[in-house]
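Structural overview
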Amino acid sequence: MNSPNRWVLIKRLAEITGYSEDAIRHKVKNGTWVQGRIWRKAPDGRIFVNLDEFERWVESDIRATAH
């Protein structure tokens, strides 16, 4: 994606990817995406997603992301 903004809010990720905001929140909540790598919570409590790591996740083998 090569965005100048590596970390984006859920709303922006939904706009970029087509995932719904609820689907993104679900991946965060259920552990599909690793906290600190794919997503993190800012000091104000808002959730940001790392576009570079999201892209790696999309391109990865599903078994590589399982806990």
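Presented here is an overview of the structure given in this document. Sequence positions are assigned chain by chain, starting from 1 and proceeding in written order. Reporting in this predicted model follows two pLDDT cut-offs: at least 70 for local features of residues, and 80 or more for side-chain atom pairs to be given and counted; totals over whole chains, interfaces and linings ignore these cut-offs and use all residues. Side-chain measures were taken over the full set of non-hydrogen atoms in the model, leaving aside hydrogen atoms and water.

1. A few points about the overall build of the protein chain
- The secondary structure listing takes helices from DSSP runs of H or I that are at least 4 residues long and strands from runs of E that are at least 2 residues long, numbered from the N terminus. Helix and strand counts for the protein chain stand at four helices and three strands.
- Going residue by residue from the N terminus, the α and β elements of the protein chain occur as β-α-α-β-β-α-α.
- Classification of residues uses two cut-offs on accessible area relative to the type maximum, computed with a 1.4 Å probe and protein chains only: under 20% is buried, over 50% is exposed, and between them is partly exposed. A buried classification covers 28% of the 67 residues belonging to the protein chain.
- Accessible surface computed for the protein chain: about 4800 Å², of which carbon and sulfur atoms make up 48%. Note on areas: Shrake-Rupley with a 1.4 Å probe; residue coverage comes only from the protein chains shown.

2. Here's the deal with helix H1 (residues 10-17)
- Burial in H1 covers these residues: Ile10, Leu13 and Ala14. The buried residues of H1 occupy one face: seen down the axis, they fall within an arc of 100°.
- Residue contacts are defined here by distance: any two heavy atoms, one from each residue, within 4.5 Å place the two residues in contact. Here the buried face of H1 lies against strand S1 (7-9), helix H2 (21-29), strand S3 (47-50) and helix H3 (51-59).
- The first or second residue beyond H1 is Gly18, which carries a positive phi of 90°. By arc we mean the arc of the directions from the helix axis to the C-beta atoms, nothing more.

3. Considerations on the packing of aromatic side chains
- For Phe, Tyr and Trp, where Trp contributes only its six-membered ring, two rings pair if their centres lie within 6.5 Å, and the inter-plane angle classes them as stacked under 30 degrees, edge-to-face over 60, or tilted in between. Tallied over the entire structure, the rule returns five aromatic pairs.
- When the ring of Trp33 is compared with that of Phe54, the centres are 5.7 Å apart and the planes differ by 85°; the resulting orientation is edge-to-face. Taken together, the residues Trp33 in the loop between H2 and strand S2 (39-41) and Phe54 in helix H3 connect sequence positions 21 residues apart.
- Residue class for Trp33 comes out buried when judged on its relative accessible area of 1%.
- A residue is classified by how much of its surface remains accessible, and Phe54, at 4% relative accessible area, is buried.

4. Focus: the sheet that holds S2
- The three strands are arranged S1-S3-S2 in an open sheet whose pairing can be described as antiparallel. The sheet is open, and its two borders are formed by S1 and S2, each paired with just one other strand. Direction aside, the axes of adjacent strands within the sheet are offset by 35° on average.
- Here, strands pair whenever DSSP counts at least two bridges between them. The pairing of S2 with S3 spans three bridges and is antiparallel. Among the inter-strand pairings, Trp39 is bridged to a residue of S3, identified as Val49.
- Fitted lines through C-alpha atoms give the axes, limited to the stretch in contact for helices. The angle between two N-to-C directions lies from 0 to 180 degrees. Sheet strands touched by H3: S1 and S3. Its angle to S3, the strand with the most contacts, is close to 60°.

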